[in-house]
Amino acid sequence: MLLDKLIKENKKTWEQYIYHEFVKKLQNGTLEKDTFLFYLKQDYIFLNNYAKCYALLALNANNAKEIQFAIKNQNYTLEGELELHRSILKLGIDVEKLDYKDESLTNIAYTRYLLSVGQNGDYLDMLCALSACAIGYAYIGEEIYKGLSEKSLENHPYKEWILTYAGKEFQDEIKEFKDFFNSYTNSISEEKFKKLNEIFYTTIRLETAFWQHSLEQKMEI
């Protein structure tokens, strides 16, 4: 399958992303609240641009099925993930007052890269660029949930985040994403795979950088 091949080709970089120190601290509950809120604010800004990427995906579509997939996932990003962030951020940040000055340079680097893929590449290029975030979060959410007892989850400071990304709704969405992405496995050339591999490698590096800059609460690079 296409996704498995991409992960295998980038095994070391992929593992740096999904087993990052930020993820480990989030899992064991030792992540500082202000660090989590910094991450959440940046991720809220990120998801607004991520939703725009699905609009670009729809624009690059070749048929109705591809358009439907793009719009469905854009709606889920706006109505699901962004609403989670909005509800948690009410604890300390007014999202309506966020503007361009609140966006970190790492966030800018990542989202503008994604948007550039959509503007300069084709449908599958954009789909590949979006996959690292979607598939990685599903894996991380599921692994964190499996590693926690019912009691430790009940009192976990980041319970709401964990239950969102480990929950059936998100996991089902990402299974559909994986199946859709993998449906292109037999239709790509070796040259096309090399391009997708470059995109996948770059996006998982950017995902890792996003964890790290959140851990350091770093607005600059």
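Quick look at the structure, then. (Residues numbered from 1 in each chain as written. Predicted model: local features only at pLDDT ≥ 70, side-chain atom pairs only at ≥ 80, totals over all residues. Heavy atoms only, no water.)

### Some thoughts on the overall build of the protein chain
Piece 1. From N to C terminus, the protein chain includes 11 helices and 0 strands.
Piece 2. Traced from its N-terminal end to its C-terminal end, the protein chain shows the element sequence α-α-α-α-α-α-α-α-α-α-α.
Piece 3. Here the C-alpha atoms of the protein chain give a radius of gyration of 17 Å, agreeing with the 17 Å that 2.2 N^0.38 yields for 221 residues.
Piece 4. Over its C-alpha atoms, taken along the principal directions, the protein chain stretches across nearly 50 × 40 × 30 Å.
Piece 5. A buried classification covers 52% of the 221 residues belonging to the protein chain.
Piece 6. Long-range pairs, those at least 24 residues apart, make up 85% of the contacts in the protein chain between residues at least 6 apart in sequence.
Piece 7. A total accessible area of about 11100 Å² is found for the protein chain, and carbon and sulfur atoms account for 50% of it.
Piece 8. A distance of 2 Å separates the average location of the 27 positive side-chain charges in the protein chain from that of its 34 negative side-chain charges. (Helix = DSSP H or I, 4+ residues; strand = E, 2+ residues; numbered from the N terminus. Rg over C-alpha atoms; globule rule 2.2 N^0.38 Å. Buried < 20%, exposed > 50% of the residue type's maximum accessible area, 1.4 Å probe, protein only. Contact = heavy atoms within 4.5 Å. Areas by Shrake-Rupley, 256 points an atom, 1.4 Å probe, with all protein chains shown as cover. Lys, Arg positive; Asp, Glu negative; His and termini not counted. Charge placed at Lys NZ, Arg CZ, Asp CG, Glu CD.)

### Structural notes on the environment of Ser116
Piece 1. Tracing the backbone through its elements, the reader meets Ser116 in helix H6 (residues 105-120).
Piece 2. Here Ser116 falls in the partly exposed class, since its relative accessible area comes to 24%.
Piece 3. As for Ser116 and Lys52, which are separated by 64 residues in sequence, their C-alpha atoms are 12 Å apart.

### Quick notes on the packing of aromatic side chains
Piece 1. Throughout the structure, instances matching the rule amount to 23 aromatic pairs.
Piece 2. Judged by centre distance (4.9 Å) and plane angle (20°), the rings of Phe22 and Trp211 are stacked. Remark: Trp211 occurs in helix H11 (residues 190-216) and Phe22 occurs in helix H3 (residues 21-28); sequence separation between them is 189 residues.
Piece 3. Among the residues examined, Trp211 registers a relative accessible area of 1% and is labelled buried.
Piece 4. Aromatic side chains Phe69 and Phe180 sit 4.1 Å apart centroid to centroid with 10° between the ring planes, which places their arrangement in the stacked category. Of this pair, Phe69 sits in helix H5 (residues 64-89) while Phe180 sits in helix H10 (residues 168-182), and the two are 111 residues apart along the sequence. (Phe/Tyr/Trp six-rings, centres within 6.5 Å; stacked < 30°, edge-to-face > 60°.)

### Observations regarding the nonpolar core
Piece 1. Within the largest apolar cluster, 65 residues are counted, with the highest numbers of intra-cluster contacts made by Leu127 and Trp161.
Piece 2. If you tally residues by element for this core, the top one is helix H7 (residues 123-146), at 15 residues. (Core = buried A, V, L, I, M, F, W, Y, C linked by side-chain atoms within 4.5 Å.)

### Thoughts on the side chain of Ser104
Piece 1. Within the secondary structure, Ser104 sits in the loop between H5 and H6.
Piece 2. Polar side-chain contacts of Ser104 include one of 2.8 Å to the side chain of His213.
Piece 3. Not counting chain neighbours up to four residues away, the residues in contact with Ser104 comprise Gln42, His213, Lys218 and Met219. (Polar contact = N/O pair within 3.5 Å; in protein donor to acceptor, adjacent residues only side chain to side chain.)

### Examining the pattern of salt bridges
Piece 1. Here the structure, examined in full by the defined rule, presents 13 salt bridges.
Piece 2. The closest approach of N and O atoms between Lys192 and Asp122, which form a salt bridge, is 2.7 Å. Of this pair, Lys192 sits in helix H11 while Asp122 is found in the loop between H6 and H7, placing the two residues 70 residues apart along the sequence.
Piece 3. Of the residues examined, Lys192 reaches a relative accessible area of 17% and is grouped as buried.
Piece 4. Three or more residues joined by partner-sharing salt bridges are found here, namely Asp122, Asp125, Lys192 and Lys195. (Salt bridge = Lys/Arg side-chain N within 4 Å of Asp/Glu carboxyl O.)

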